[in-house]
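Listed below, chain by chain, are the residues.
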Amino acid sequence: MTSFYGKSVLVLGGSRGIGAAIVRRFASDGAKVVFSYLSSPDEAQVLAAETGSEALRVDSADRDALIALIASLGPLDVLVVNSGILGAGDPLNMPPDDIDRLFRINIHAPYHAAVAAARTMPDGGRIIFIGSANADRMPMAGLAAYSASKSALKGMTKGLARDFGARGITVNVIQPGPTDTDMNPAGGPLKDVMHGFMAIKRHAKGEEIAGLVAYLAGPEAGIITGAAYNIDGGFTA
Ligand code: NDP
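The shown structure was predicted, so the numbers you read here are calculated from the model rather than taken from an experiment.

Engineer: Describe the sheet that holds strand β7 (residues 228-231), naming the residues involved and giving the relevant values.
Structural biologist: Spatial ordering of the open sheet is given by β3-β2-β1-β4-β5-β6-β7, a layout of seven strands whose pairing is parallel. With partners counted over all chains shown, the strands left at the sheet margins are β3 (54-57) and β7, one partner each. Between one strand axis and the next, the sheet turns through 20 degrees on average, direction left out of account. Where strand β1 (residues 8-12) meets strand β2 (residues 32-37), four bridges bridge the pair, whose relative direction is parallel. Of the residues in β2, the one forming a bridge with Val-11 is Phe-35.

Below is the structure:
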């Protein structure tokens, strides 16, 4: 287990699911953790009390608020952009405003947050995006905007890795497959369909995703940048 004692970590979207597992992991490894949330104040406060972290309500879709939050925190050693939403349905019937909001949260927020963090991030810092295996494989209808948003993170990761590499700052994207959260419960109606695409036929646990985040944030991963990591039970194999 890596010690993050004395490290300053921001997790965008940390109140529930994968983000909450990431908050717990960094807090238990000694980091000073701040996380953002939007619609789940009760879960956020319980998690903050449990982990000794700080919860701040900031909508990732609000670019200026997001940049102001990051500027207010001072230098971050690690930024994890986990906040993301799923929009599923027939594209002919999906409201354009909903699609634009999805793109703001899933694409614009990671970009602006990464750039804002990099302004003051010390050499050797870490920027980690939570993407999706759907960037590489989209075997179902109704998720074009979502998969497009997660594919965008791959290009963003490669470009920002070049931009910040001279400072030893790494930029990587983790691409989970089905993971047991409110967004995609292990007992949900599509579980058998999703497991049919996988070599290991179960949902991942948030802790398993958090373990890869911790590895990429740690000292052994200093040469890994511009990379996309599928952690998906073989969904993309
Ligand atoms: P959940 O819906 O369970 O949790 C989403 C988290 O993001 C919550 O903490 C939520 O906070 C926060 N969030 C969402 N929108 C905003 C916003 N506008 N501003 C601030 N915080 C926000 O999702 P998961 O944990 O399942 O997903 C986390 C990430 O992992 C997402 O990027 C998702 O796309 C990705 N992913 C998930 C997979 C899965 O199978 N679960 C598979 C592949 C990728 P709050 O409730 O307070 O609004």
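Let's pick the thread back up.
Engineer: With reference to specific residues and values, describe the nonpolar core.
Structural biologist: Ranked by size, the top nonpolar core spans 62 residues in total, and within it Leu-79, Ala-113 and Val-213 carry the most contacts. Apart from the residues lying within four places of it in its own chain, the contact partners of Ala-113 are Leu-12, Leu-66, Ile-70, Leu-79 and Val-81.

Engineer: Can you break down the confidence of the model for the protein residue by residue, with the values?
Structural biologist: When pLDDT is averaged across the protein, the result is 98; 100% of the residues are at 70 or more. Our summary of model confidence lists the complex with pTM equal to 0.98 and ipTM equal to 0.99.

Engineer: Could you give an account of helix α7 (residues 206-217), naming the residues involved and the relevant values?
Structural biologist: The end-to-end C-alpha distance of α7, which contains twelve residues, comes to 16 Å, matching closely the 16 Å that a straight helix rising 1.5 Å per residue would cover. Inspection of α7 places Gly-206, Ile-209, Ala-210, Val-213, Ala-214, Leu-216 and Ala-217 among the buried residues, and these make up the whole buried set. Burial along α7 is one-sided: seen end-on, the buried residues are contained in an arc of 165 degrees. Among the structural elements, α1 (17-28), β4 (78-81), β5 (126-130), β6 (170-176) and β7 are those in contact with the buried residues of α7.

Engineer: A description of the packing of α1 against α7 should follow, citing residues and the corresponding values.
Structural biologist: Contact geometry of α1 with α7 gives a least axis separation of 8 Å together with a crossing angle of 55 degrees. Taken as axis vectors, α1 and α7 run oblique relative to one another. In this structure, the crossing between α1 and α7 has a hand that is right-handed. For the pair formed by α1 and α7, the contact residues are Gly-17, Ile-18, Ala-20, Ala-21, Ile-22 and Arg-25 on the first element and Gly-206, Glu-207, Ile-209, Ala-210, Val-213 and Ala-214 on the second.

Engineer: Break down the packing of helix α3 (residues 63-73) against helix α4 (residues 96-120) for me, citing the residues and quoting the values.
Structural biologist: For the pair α3 and α4, interaxial distance at closest approach is 9 Å and the crossing angle is 30 degrees. Comparing their axes, α4 and α3 come out roughly parallel. As α3 runs across α4, the sense of the crossing is right-handed. Of α4, the residues touching α3 (which contributes Arg-63, Leu-66, Ile-67, Ile-70 and Ala-71) are His-108, Ala-109, His-112, Ala-113, Ala-116 and Ala-117. Split by residue class, the contact of α3 with α4 holds eight nonpolar, two polar and one charged.

Engineer: Which residues make up the site of the ligand, and what values do they have?
Structural biologist: Not every one of the 30 residues close to the ligand is listed here, only the nearest: Gly-13, Gly-17, Tyr-37, Gly-84 and Thr-181. Broken down by secondary-structure element, the contributors of at least two residues to the shell around the ligand are α1 and β2. The element best represented in the shell around the ligand is α1, accounting for three residues. Taken together, the residues that form the shell around the ligand break down as eleven nonpolar, 16 polar and three charged.

Parameters and conventions
- Residues numbered from 1 in each chain as written.
- Predicted model: local features only at pLDDT ≥ 70, side-chain atom pairs only at ≥ 80, totals over all residues.
- Pairing = 2+ DSSP bridges.
- Helix = DSSP H or I, 4+ residues; strand = E, 2+ residues; numbered from the N terminus.
- Axes fitted to C-alpha atoms, helices over the stretch in contact; angles between N-to-C directions.
- Core = buried A, V, L, I, M, F, W, Y, C linked by C-beta atoms within 7 Å.
- Buried ≥ 20, exposed ≤ 12 C-beta atoms within 10 Å, placed from the backbone.
- Contact = placed C-beta atoms within 7 Å.
- pLDDT = per-residue confidence, 0-100.
- Expected span 1.5 Å × (residues − 1).
- Arc of directions from axis to C-beta.
- Parallel < 35°, antiparallel > 145°, perpendicular 65-115°, else oblique.
- Left-handed = near helix turned anticlockwise from the far one by under 90°.
- Nonpolar A, V, L, I, M, F, W, Y, C, P; charged D, E, K, R; others polar.
- Near = placed C-beta within 6 Å.

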